[in-house]
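# Examination of the molecular architecture
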Amino acid sequence: MEKQPSEKKPLSRQRLFYLWCALAAALVAADQWIKLLIVEHFRYGEGIPITSFFNLVRVHNTGAAFSMLADAGGWQHWLFASIAIVVAVIILFMLHKHSQERIFSLALSCILGGAIGNLIDRLMHGYVVDYLDFYWKMYHFPAFNLADTAITVGVGLIILNELLNIGKKKKANASH
């Protein structure tokens, strides 16, 4: 008797949710591991050139993106930590609801991992450890880290997902 090829059953929404959470957790773990290496091997403000446009550095960001509110006196630490917690909870709900939407869920997982990675820094140190320093001549882009990169990729994927959805809607409307 010959065996029939088995059809793959799609993963349940719950199982997909756990996989997306595992991806976010992997991003948090990688982010924290790299930050630990930076803190162990660099003093604050120290850096080493890697290429003609990139340094590894150790800097601390007490503010938000691009050091916004970095000199606000300390209250911003709790504001940004609170925002990260609220965002993480909202993302978890959205991730559970939309876990079968691949691009959107990947985006949410990236943002969740990045938000939690930077939240851990804020709660442990009162600042975020940044270490990627890109520059051109004497102009430096603000230093950032893997968590920031994950958040940026996540936002980019949300934009891509929306553009793809708009394209699908236009195509569907054109066929009617």
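A quick note: this is a predicted structure, and the numbers were derived from the prediction, not measured.

To continue, consider the UniProt feature "transmembrane region" (unreviewed entry) in the protein chain. In the numbering used here, UniProt assigns the feature "transmembrane region" (unreviewed entry) to residues 75-96, 103-120 and 140-160. Across residues 103-120, helical content stands at 100% and strand content at 0%; the span's end C-alpha atoms are separated by 26 Å. Overall, residues 140-160 shows 71% helix and 5% strand. The separation of its end C-alpha atoms is 28 Å.

Okay, the packing of helix α1 (residues 13-41) against helix α3 (residues 102-125) next. Look at α1 against α3: their axes get within 8 Å of each other, and the N-to-C directions meet at 35°. As α1 runs across α3, the sense of the crossing is right-handed. Contacts between α1 and α3 pair W20, L23, A24, L27, V28, D31, Q32 and K35 from the former with R102, S105, L106, S109, C110, L112, G113, I116, G117, N118, I120 and D121 from the latter. The class makeup of the residues in the contact of α1 with α3 is 10 nonpolar, six polar and four charged.

Take the packing of α3 against helix α4 (residues 146-174) next. One way to put it is that α3 packs onto α4 with a least axis distance of 7 Å and a crossing angle of 160°. Judged by the inter-axis angle, α3 sits roughly antiparallel to α4. Judged by the twist between their axes, the crossing of α3 over α4 is left-handed. Residues I103, F104, L106, A107, C110, I111, G114, A115, G117 and N118 of α3 form the contact with α4, whose own contacting residues are A147, D148, A150, I151, V153, G154, V155, L157, I158, N161 and L164. Looking at the contact of α3 with α4, its residues break down into 15 nonpolar, five polar and one charged.

On to the pairing of strand β1 (residues 47-51). Taken together, the four bridges between β1 and strand β2 (residues 54-61) define a ladder with antiparallel strand orientation. Among the inter-strand pairings, G47 is bridged to a residue of β2, identified as V57. Between β1 and β2, which pair antiparallel one after the other, the connecting turn spans two residues.

A rise of 1.5 Å per residue sets the reference length of α3, with its 24 residues, at 34 Å; its end C-alpha atoms lie 34 Å apart and thus fit the reference within 8%. Positive phi appears at G126, one or two residues downstream of α3, with a value of about 90°.

About the criteria used
Residues numbered from 1 in each chain as written. Predicted model: local features only at pLDDT ≥ 70, side-chain atom pairs only at ≥ 80, totals over all residues. Heavy atoms only, no water. UniProt positions renumbered as here; feature names shortened; annotations may be inferred. Helix = DSSP H or I, 4+ residues; strand = E, 2+ residues; numbered from the N terminus. Axes fitted to C-alpha atoms, helices over the stretch in contact; angles between N-to-C directions. Left-handed = near helix turned anticlockwise from the far one by under 90°. Contact = heavy atoms within 4.5 Å. Nonpolar A, V, L, I, M, F, W, Y, C, P; charged D, E, K, R; others polar. Parallel < 35°, antiparallel > 145°, perpendicular 65-115°, else oblique. Pairing = 2+ DSSP bridges. Expected span 1.5 Å × (residues − 1).

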